[in-house]
Amino acid sequence: MPYKANADRRHRIPRQRHRVTNWPAYEAGLRARGSLTLWFSEEAIEGWRAEPRTTRGGQPRYSDLAITTALTLRAVFHLALRQTEGLIRSILDLLGLDLAVPDHSTMSRRAETLKRPRPRSGREPVHLLVDSTGLRLCGPGEWLVERHGSKRRRAWRKLHLAMDADTGRIVATELTGHDVDDGSQVGPLLDGVDGPVASFTGDGAFDRDDVYAAIAARHPGADIIVPPRSSAVPSADAETSPSQRDRHLQSIAEHGRMGWQKASGYNWRALVEADVSRWKRVIGPGLRSQTDGRQATEVAIAAEALNRMLDLGRPGYVRIA
């Protein structure tokens, strides 16, 4: 794998150093992320109550806007459902608004079928960077496991995400079981992206024929920047009509793995790894919901919250060493 090239000597390579060029604006954005200044627009107040339904069944009291607002506050401030109910009630009291507060049972039930926010990309065509990470479910804590041992294995879900390299926004997410491989989720991730895709960059787990076929079927002409395996060999038609993978192998043979990374732009994949780290630090390393539908809603709302935080300010930097 490319990141293991010269692994026995990489400790001698000094870490890069960068200088932020827009520090005042970025610092203001960081402060704004922690601000508790909240307000309700007239449209939000009018849309807080659900529209009357025309089909059979009970009438809903709260709109999707009200439930989404509650679940967003829950994700950002790491609250349980009952504490989220109390937070919204206190906010409405402070603002002097006479609005009903959804109870914790309603929030949990509505999260199962809530219309999830769809991330939007920036400029088109999109340069996609993809990666995956594990999110743990509720289970015994580390101290309890060390002290008494765990009676069952801790469960995990796998989060697959795609980000726009130009804007840093998360444009597609998929939540699967822990045993699902990354390459099988290329199609669902591409289906979640609006507009054309200029390039697709992923790690060696995406070095598969079906991945190349899925990208070519949806976005012909898109550059596929995936490192071939160390045991990869050129295709039978490499001499007459080389594929993108064949050209990657040729470049690696001529310039080495590190040279191919720099020439192909593969190093930009570090941005999506930084996004995974930002998810774990801001949203958390686990999922609070129990069912698949509620977990998918939780992930979609968390991605939208991170995108909104990014809109407040993003650092610009130059390398100095």
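1. Observations concerning the overall build of the protein
Point 1. Of the regular secondary structure elements, the protein holds 11 helices and 7 strands.
Point 2. When the backbone C-alpha atoms are referred to their principal axes, the protein occupies close to 70 × 50 × 50 Å.
Point 3. Across the 321 residues in the protein, those meeting the buried criterion constitute 40%.
Point 4. Pairs at least 24 residues apart make up 65% of the contacts formed inside the protein by residues separated by at least 6 positions.
Point 5. Only carbon and sulfur atoms are counted for the fraction: they give 52% of the accessible area of the protein, which is about 18,800 Å².
Point 6. When the 48 basic and 39 acidic side-chain charges of the protein are each reduced to a single mean position, those positions are 6 Å apart.

2. As for the nonpolar core
Point 1. Core analysis: the biggest nonpolar cluster contains 20 residues, and Leu128, Val186, Leu190, Val193, Phe200, Phe206 and Ile215 have the highest contact counts within it.
Point 2. Elements represented by at least two residues in this core include exactly strand 2 (126-136), strand 4 (170-177), helix 7 (186-191), strand 5 (197-201) and helix 8 (209-218).
Point 3. For this core, the element with the highest residue contribution is helix 8, accounting for 4 residues.
Point 4. Apart from the residues within four sequence positions on either side, Ile215 is in contact with Val186, Leu190, Phe200, Pro220, Ala222 and Ile224.
Point 5. Leu135, Val272, Val276 and Met309 belong to the second largest nonpolar core, which has 19 residues in total.

3. Considering a nonpolar patch on the surface
Point 1. Taken together, the side chains of Val20, Trp23, Leu30 and Tyr317 define a hydrophobic patch exposed on the protein surface, amounting to about 360 Å² of accessible area.
Point 2. With respect to the helices and strands, the residue Leu30 is situated in helix 1 (residues 23-33).

4. Topic: the confidence of the model for the protein
Point 1. Per-residue pLDDT for the protein averages 88, and the proportion of residues at 70 or more is 91%.
Point 2. Considering each helix and strand of the protein separately, the mean pLDDT is smallest for helix 6 (residues 142-148), with a value of 65, and largest for strand 6 (residues 223-225), with 96.

5. Quick notes on the side chain of Glu85
Point 1. Tracing the backbone through its elements, the reader meets Glu85 in helix 4 (residues 81-95).
Point 2. Residue classification places Glu85 among the buried positions, given a relative accessible area of 15%.
Point 3. Setting aside anything within four residues of it in sequence, one finds Glu85 in contact with Val101, Pro102, Asp103, His104 and Met107.

6. Quick notes on the environment of Ala44
Point 1. For Ala44, the location among the structural elements is in helix 2 (residues 42-46).
Point 2. Between the C-alpha atom of Ala44 and that of Ala66, which follows or precedes it by 22 residues, the distance is 8.4 Å.

7. Re the side chain of Ser264
Point 1. Here Ser264 shows up in helix 9 (residues 244-264).
Point 2. At 2.7 Å, the side chain of Ser264 forms a polar contact with the backbone oxygen of Trp260.
Point 3. Here the side chain of Ser264 touches Tyr266 through a polar contact of 3.4 Å, landing on its backbone nitrogen.

8. As for the environment of Gln290
Point 1. Mapped onto the secondary structure, Gln290 falls in the loop between helix 10 (270-282) and helix 11 (292-312).
Point 2. A C-alpha to C-alpha distance of 9.7 Å links Gln290 and Ser108, two positions 182 residues apart in sequence.

9. Observations concerning the packing of aromatic side chains
Point 1. Per the stated rule, a full pass over the model turns up 4 aromatic pairs.
Point 2. Each ring, one from Trp260 and one from Tyr266, has its centre 5.5 Å from the other, and the planes form 35°; the classification is tilted. An identical accessibility class is assigned to Trp260 and Tyr266; each is buried.

10. What about unusual backbone geometry?
Point 1. Although it is not a glycine, His78 sits at a positive phi angle of roughly 55°.
Point 2. With respect to the secondary-structure elements, His78 resides in the loop between helix 3 (64-77) and helix 4.
Point 3. Look at His78 and you get partly exposed, because its relative accessible area is 38%.

11. Concerning the sheet that holds strand 5
Point 1. Spatially, 4-3-2-5-6 is the arrangement adopted by the 5 strands of the open sheet, whose pairing is mixed. Each edge of the open sheet carries a strand with a single partner, namely strand 4 and strand 6. Each strand axis lies, on average, 25° off the axis of its neighbour in the sheet, ignoring direction.
Point 2. The sheet strands contacting helix 11 are strand 3 (156-164) and strand 4, and the helix crosses strand 4 at an angle near 155°.

12. Side note on the packing of helix 1 against helix 11
Point 1. It is the contact of helix 1 with helix 11, at a shortest axis distance of 8 Å, that shows an interaxial angle of 145°. Residues Gly29, Ala32 and Arg33 of helix 1 pack against Met309, Leu310 and Leu312 of helix 11.
Point 2. Here the residues of the contact of helix 1 with helix 11 are counted per class, giving 4 nonpolar, 1 polar and 1 charged.

13. Re the pairing of strand 2
Point 1. Judged by how many residues are buried, strand 2 sits mostly within the fold: 8 of 11 residues are covered.
Point 2. Judged from the 4 bridges that link them, strand 2 and strand 5 form a sheet pairing that is parallel. Bridge pairing in strand 5 places Leu129 opposite Thr201.
Point 3. Two strands pair when backbone bridges link them, and strand 2 and strand 3 are joined in this way by 9 bridges, in the antiparallel orientation. Note on strand 3: the bridge partner recorded for Gly134 is Lys158.

Each value, and the rule that gives it
Residues numbered from 1 in each chain as written. Predicted model: local features only at pLDDT ≥ 70, side-chain atom pairs only at ≥ 80, totals over all residues. Heavy atoms only, no water. Helix = DSSP H or I, 4+ residues; strand = E, 2+ residues; numbered from the N terminus. Buried < 20%, exposed > 50% of the residue type's maximum accessible area, 1.4 Å probe, protein only. Contact = heavy atoms within 4.5 Å. Areas by Shrake-Rupley, 256 points an atom, 1.4 Å probe, with all protein chains shown as cover. Lys, Arg positive; Asp, Glu negative; His and termini not counted. Charge placed at Lys NZ, Arg CZ, Asp CG, Glu CD. Core = buried A, V, L, I, M, F, W, Y, C linked by side-chain atoms within 4.5 Å. Patch = residues over 30% accessible without salt bridge, like charges linked within 9 Å, V, L, I, M, F, W, Y side chains within 5 Å. Salt bridge = Lys/Arg side-chain N within 4 Å of Asp/Glu carboxyl O. pLDDT = per-residue confidence, 0-100. Polar contact = N/O pair within 3.5 Å; in protein donor to acceptor, adjacent residues only side chain to side chain. Phe/Tyr/Trp six-rings, centres within 6.5 Å; stacked < 30°, edge-to-face > 60°. Pairing = 2+ DSSP bridges. Axes fitted to C-alpha atoms, helices over the stretch in contact; angles between N-to-C directions. Nonpolar A, V, L, I, M, F, W, Y, C, P; charged D, E, K, R; others polar.

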